[in-house]
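Descriptive analysis of the structure
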Amino acid sequence: MKEVASLLKNRNNVALTGAGISKESGIPTFRGKDGLWKKYRPEELATRNAFIKNPVLFWEFYSFRRTLIKNALPNEAHKTLASMEDFGELSFIITQNIDGLHRKAGSKNIIEIHGNIWNVRCESCGKVEFRDETNKIIMCSSCGKITRPDVVLFGEAVRKIDEAFEIVKKVDNLIVIGTSSVVYPAALLPYEGKKYGASIIEINIAKTELSSDADYFIQGGAAETLPKIYNIMKKL
Ligand code: OAD
């Protein structure tokens, strides 16, 4: 942690975050037994096919997620990244999360490549609107048809990915937090950064696909590990 803290000090750092960073805020991750909802895998439900086939089940799953997220508060990991940005130690957060907790924690430069769960989109008339009701199917306020969350579902194109690739090319350090690094193209970002000279620091409770290629792997919960590193940085 000391080595990582001195590596990060006064450098251009960027964080790439995944579901693990919000785990300690009470939001389940996607993979592993923890990620199961009823008997379904999120990977089966977070698809356009699932929406078309069974919109009621699809919305039940998203309402469940919206309720959890509505009640969730940013944890120490989100807050530490926000402080790092305030003090000029972090230039961007690229996140796969749709929960908005980085913004709630006070971070400003956030790239949400999978969208945000509070926006819904009508596939009939195209309207995108902010709607924060939970526990029900949300109908379009313009045409009355059923909407879907305006998030990236499996098989759909991610957002702002060109911007994310440009950012990682210019960083000194990429801190990869709480992602299994199996979903593309996000999983390519550390490799792109590395190709352009970035050091990759991974923080996760368990080894991932990325770990053997990371320059540093710190095993631990994000909410515990990030504040520890940042406290060391502040004393350097
Ligand atoms: P995953 O559920 O695939 O992985 C979560 C990662 O967080 C795992 O590697 C865990 O070991 C780790 N983890 C769990 N608790 C942690 C903690 N307290 N501190 C640090 N790490 C912890 O989630 P993602 O990698 O984010 O996409 O998944 C990527 C994408 O797949 C999601 O954005 C979503 C999903 O399907 C779409 O829906 C398009």
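1. Here's the deal with the site of the ligand
Near the ligand lie 22 residues; those nearest to it are Glu 24, Arg 31, Thr 179, Ser 180 and Asn 204. Contacts to the ligand include Ser 180, whose side-chain N or O atom sits 2.5 Å from an oxygen atom. A distance of 2.9 Å separates a nitrogen atom of the ligand from a polar atom in the backbone of Ala 222. The protein chains hide 92% of the 800 Å² of surface that the ligand would expose on its own. Judged by the fraction of its atoms near the pocket grid, the ligand is located in the largest pocket. In terms of residue class, the shell around the ligand is made up of seven nonpolar, 12 polar and three charged.

2. Side note on the environment of Val 14
Mapped onto the elements of the fold, Val 14 is located in strand E1 (residues 13-17). Linking Val 14 and Cys 140, residues 126 residues apart in sequence, is a C-alpha distance of 37 Å.

3. So, the pairing of strand E2 (residues 92-95)
In this structure, E1 lies alongside E2, joined through four bridges in parallel fashion. Bridging from a neighbouring strand, Ala 15 pairs with Ile 93 of E2. Examined bridge by bridge, E2 and strand E3 (residues 110-112) share three bridges and lie parallel to one another. From the neighbouring strand, Ile 93 faces E3, where its bridge partner is Ile 110.

4. Digging into helix H6 (residues 76-86)
Burial in H6 covers these residues: Ala 77, His 78, Thr 80, Leu 81, Ala 82, Met 84 and Glu 85. Each element contacted by the buried residues of H6 is listed here: E1, helix H2 (20-23), E2, helix H7 (101-105), strand E7 (173-177) and helix H10 (222-235). Just downstream of H6, Gly 88 is the residue with a positive phi angle, here 75°.

5. Quick word on empty space enclosed by the protein
A full pass over the atoms with the stated rule returns three cavities of 30 Å³ or more. By volume, the largest cavity amounts to about 60 Å³. Lining the largest cavity we find Ala 19, Ser 22, Ile 27, Pro 28, Phe 30, Arg 65, Asn 97, Ile 98 and Asp 99.

About the cut-offs
- Residues numbered from 1 in each chain as written.
- Predicted model: local features only at pLDDT ≥ 70, side-chain atom pairs only at ≥ 80, totals over all residues.
- Heavy atoms only, no water.
- Near = heavy atom within 4 Å.
- Polar contact = N/O pair within 3.5 Å; in protein donor to acceptor, adjacent residues only side chain to side chain.
- Areas by Shrake-Rupley, 256 points an atom, 1.4 Å probe, with all protein chains shown as cover.
- 1 Å grid on protein atoms, 1.4 Å probe; cavity = no way out; pocket = protein on both sides within 12 Å on 5 of 7 lines; lining within 4 Å.
- Sits in = over half its atoms within 2 Å of the grid points.
- Nonpolar A, V, L, I, M, F, W, Y, C, P; charged D, E, K, R; others polar.
- Helix = DSSP H or I, 4+ residues; strand = E, 2+ residues; numbered from the N terminus.
- Pairing = 2+ DSSP bridges.
- Buried < 20%, exposed > 50% of the residue type's maximum accessible area, 1.4 Å probe, protein only.
- Contact = heavy atoms within 4.5 Å.
- Points joined across faces, edges and corners; volume = space filled by probe spheres on them.

Without other data, these values stay purely geometric and don't point to any function.
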